[in-house]
Amino acid sequence: MQIKPLPVSVSILLVLFLPFFAIAQKKNASYELKLKPASSEIRIDGVADERTWTDANVASNFFMVQPMDTSFAKVRTDVMMSYDKENLYIIAICYHQPGPYFVESLRRDFSFNKNDNFLLFMDPFDDKTNGFSFGSNAAGAQWDGIMYDGSKVDLSWDNKWVSAVKNYEDKWIFEAAIPFKSIRYKAGITEWGINFSRLDLKSTEKSSWAPVPRQFATASLAYTGNLIWDQAPPVPGQNISLIPYILGGFSNDHTVSPSSRDYKREIGGDVKVAVTSSLNLDLTVNPDYSQVEVDRQVPNLDRFELFFPERRQYFLENGDLFSNYGYANIRPFFSRRIGLGVPIQFGARLSGKLNKDWRIGLMDMQTSKSGNNLPSQNFAVMSLQRRVFARSSISALFINKQSMNYEPSHAAASVSRYNRNAGLEYNLASSTNSWTGKAVIMKSFSPGKKGNDVLQAANLNYISGNWNINWQHEIVGRNYNTEVGYVPRTGYINLNPQAAYLFFPKKGKLVSHGPKIVSANYFDQSFNRTDNTTFLAYNINFRSRATFSVWTAADYVKLLRPFDPTNSGRATLPKGSEHHWKSWGTDFVSRPQSLLTYAFSARYGGYYADGTRLNINSELGYRFQPYVSLALSSSYNDIKLPQPWDRTKFWLVGPRVDVTMTNKLFFTGFVQYNEQRENLNINTRLQWRYKPASDLFIVYTDNYLPNPFSVKNRFLVLKLTYWWNTASLRSQ
């Protein structure tokens, strides 16, 4: 007997039954920093010699978050803030023990755990869900990102602001001016959520101004204190940013005979219009993303499509309004589907806050026609989000992909006339972040596909000082179809419980250690088992910030379609064949304070068709701080299978160099040798930020056939962007 999917109400009730956890006052409401207007002109130079800083209130007495969260921080941090009609100012005096600081480089948006750093987390709506993050490492490399989901920071977001860092024998000072035009906030609100985070690698201490339990990130907006304005922030006046670009370059294709060369001469750009101080309109014409760093390659032994994140700046601000629906492997909307292999002609996007409780996202993108097989297409997305309880929300999503001037011949290229998705999502976030979860339901509409076209999923997560427990289930109909999303498999039910426990020693070399168990169980829609993985690990976190884990797993797979376990095109295992194996592995990441860092992971055990697989990954890094960072990553696979595969071995090797001459001039070069794909890729990029948010890029890319060594294609481009702002502010 076929088992029908759970009713929608059951999925939603799995998380709705806990809303009372969300009705509570703000945890750190008593922590207040009162803001005064600047009493003198402020020079952004990392020197606290202005009268403004003498007059300002000080946020001090930081709390230790790690390794323990039961005392004040041992390293002192003092923070002052002020403002004028145009900028919000901040200065942080970061004291430290004698000796050098630790940083990777001057590269923007650095890795948090590998740098001495100071960060600001700002919640201008005080909704404990969305906000902005700014900061710097001890060498002056900037960090900026847009915050969503209460604690996540998207570092791909980029905007105009200035900062400076100056180093002293016993401290380093970070000073910054953040233009009001660069952030979004509601006029008239005089209390913002705010917190400050400090990581000092010499003492291996992470601290925050308003206390945060060690099981949560210091970025958690549930634990912010309050920034109290003496009057409402300046009301934004006209705020229009023009960001034009000019581009020139060429590409050579040596895979065709005779080889061909194409020249690129393009012009385009973006326009940003602040409709209100919290609602932004973005327009783009003939956008080009040549300067975006290419994806890091990974060995592909998966039965399903791999996921690579969005990197294009246009899609990132308030990107969670569109892309945060669903889960890692069921994303109804995935912006990388837009402009896939075809140029984007133009687009418009309205996103942001309507008020404290409502957010909206509207996007429309138009692509060009490409050859005879791909018609021009229009992508329209609408998202509406309503905050409920303290930090939870209910959201609605509608997606429409429409082929223009569609002809029946386009079906041969797997192009449909239209594809639509509509649905709802409930996100649970308790006031202290101990309970989180979501429930989502989406229905697709496609020509020739009716019935069994619904996606349902829900999860509930509980985290305390020691426990982290999660339940998740997914039900995806056989005909569910999202052509503008990422759902690599359909027609299944997944039940996925997991639990972890941590012990916290009061002294010694360990901060925490404990076991974790995960069970992923896949069934077809008649509830016949198709996949199962049971995973048991033991994780150890050292006070030096090194980590180590060891794990074992048992796998079962029933193939739903023919599959080549080496992805080499040699042969396939038959549909319906069943495979069992056991494996074990270990992972280690060294202490980030060392100039020489290393990490490795290893996996050995069974594989398909009673075979075996050995996989070893490593990453070796050395830095000449703060200017040069060298890294070498490698992955080796050795697969033993019966004939016709026999033995398959392949390497993926990627040396990389980052040179940061200043915090405005960067060079990145890396090589990716992928033996599985028989490709050698060389990519170099020079970026000069000659003015805030205005850049010159020179990008060079080569792809080679390793054996015999010959060029496949080559690409060189020069791109110049300029951010021109007509913003003005009027005082209240």
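In what follows, the structure referred to is the one given above.
A brief structural summary. Keep in mind the model is a prediction, meaning the values are calculated, not measured.

1. Here's the deal with the overall build of the chain
Scanning the chain for helices and strands turns up 3 helices and 41 strands. Relative to the compact-globule value of 27 Å for 732 residues, the chain shows a C-alpha radius of gyration of 26 Å, a close match. Considered along the principal axes of its C-alpha atoms, the chain spans approximately 75 × 60 × 55 Å. Burial analysis of the chain (732 residues in total) assigns 52% to the buried set. Summed over all atoms, the accessible surface of the chain reaches about 31800 Å², with 57% contributed by carbon and sulfur.

2. Focus: the pairing of strand β35 (residues 647-662)
When a strand is regular, its side chains alternate between the sheet's two faces. When strand β34 (residues 628-640) meets β35, the two strands line up antiparallel, connected through 13 bridges. Note that in β35 the partner of Ser-635 across the bridge is Leu-652. Linkage of β34 to β35, two consecutive antiparallel strands, is achieved through a turn of 6 residues, within which Asp-646 is found at a positive phi near 60°. When β35 meets strand β36 (residues 665-674), the two strands line up antiparallel, connected through 8 bridges. Considered in β36, the bridge of Arg-656 is made with Phe-670. Hairpin connection, β35 to β36: the antiparallel pair is bridged by 2 residues.

3. Some thoughts on the pattern of salt bridges
Following the criterion strictly, the structure yields 30 salt bridges and no others. Notably, a salt bridge pairs Asp-78 with Arg-76, separated by 2.7 Å at the nearest N-O pair. You can call Asp-78 buried: its relative accessible area is 6%. Here Arg-76 falls in the partly exposed class, since its relative accessible area comes to 48%. Where Asp-531 meets Arg-489, a salt bridge forms, and the shortest distance between an N and an O atom there is 3.0 Å. Residue Asp-531 is found in strand β29 (residues 529-542), and its partner Arg-489 is found in the loop between β26 (467-476) and β27 (492-501); the two are separated by 42 residues along the sequence.

4. Re the nonpolar core
By size, the foremost hydrophobic cluster in this structure holds 39 residues, and its most contacted members are Met-81, Leu-88, Ile-90, Phe-118, Phe-134, Phe-174 and Phe-196. If you look at the next biggest cluster of nonpolar residues, it comprises 27 residues, including Phe-322, Ile-344, Leu-455 and Tyr-522.

5. Points about unusual backbone geometry
Here the amide bond leading from Gln-66 into Pro-67 is cis, since omega sits at 10°, within 30 degrees of zero. Along the chain, the position of Pro-67 falls in the loop between β3 (63-66) and β4 (77-83). Here Gln-643 and Pro-644 are connected by a cis peptide whose omega angle stands at 10°. Mapping Pro-644 onto the fold places it in the loop between β34 and β35. For Asp-646, which is not glycine, the phi dihedral falls at a positive 60°. Here Asp-646 lies in the loop between β34 and β35. Given a relative accessible area of 44%, Asp-646 falls into the partly exposed group.

6. With respect to the side chain of Asp-695
On the secondary structure map, Asp-695 appears in strand β38 (residues 694-705). Within the structure, Asp-695 has its side chain in polar contact with the side chain of Gln-687 (distance 2.9 Å). Side-chain polar atoms of Asp-695 contact the side chain of Arg-689, separated by 2.8 Å. Dropping the residues within four chain positions of it, Asp-695 is found in contact with Gln-687, Trp-688, Arg-689, Tyr-690, Lys-719, Leu-720 and Thr-721.

7. A closer look at the packing of aromatic side chains
For any pair of aromatic rings, the description rests on two quantities: the centre-to-centre distance and the angle between the ring planes. In total, this model carries 36 aromatic pairs according to the counting rule given. Taken together, a centroid distance of 5.0 Å and an interplanar angle of 80° make the contact between Tyr-607 and Tyr-608 edge-to-face. You can call Tyr-608 buried: its relative accessible area is 6%. Grouped by ring-pair contacts, the aromatic residues Tyr-31, Phe-63, Phe-72, Phe-118, Phe-174, Phe-196 and Trp-209 constitute a single cluster. The ring of Phe-125 has Lys-353 sitting right over it, with the charged end atom 4.7 Å from the ring centre.

Cut-offs and rules
- Residues numbered from 1 in each chain as written.
- Predicted model: local features only at pLDDT ≥ 70, side-chain atom pairs only at ≥ 80, totals over all residues.
- Heavy atoms only, no water.
- Helix = DSSP H or I, 4+ residues; strand = E, 2+ residues; numbered from the N terminus.
- Rg over C-alpha atoms; globule rule 2.2 N^0.38 Å.
- Buried < 20%, exposed > 50% of the residue type's maximum accessible area, 1.4 Å probe, protein only.
- Areas by Shrake-Rupley, 256 points an atom, 1.4 Å probe, with all protein chains shown as cover.
- Pairing = 2+ DSSP bridges.
- Salt bridge = Lys/Arg side-chain N within 4 Å of Asp/Glu carboxyl O.
- Core = buried A, V, L, I, M, F, W, Y, C linked by side-chain atoms within 4.5 Å.
- Polar contact = N/O pair within 3.5 Å; in protein donor to acceptor, adjacent residues only side chain to side chain.
- Contact = heavy atoms within 4.5 Å.
- Phe/Tyr/Trp six-rings, centres within 6.5 Å; stacked < 30°, edge-to-face > 60°.
- Lys NZ or Arg CZ within 6 Å of the ring centre and 35° of its normal.

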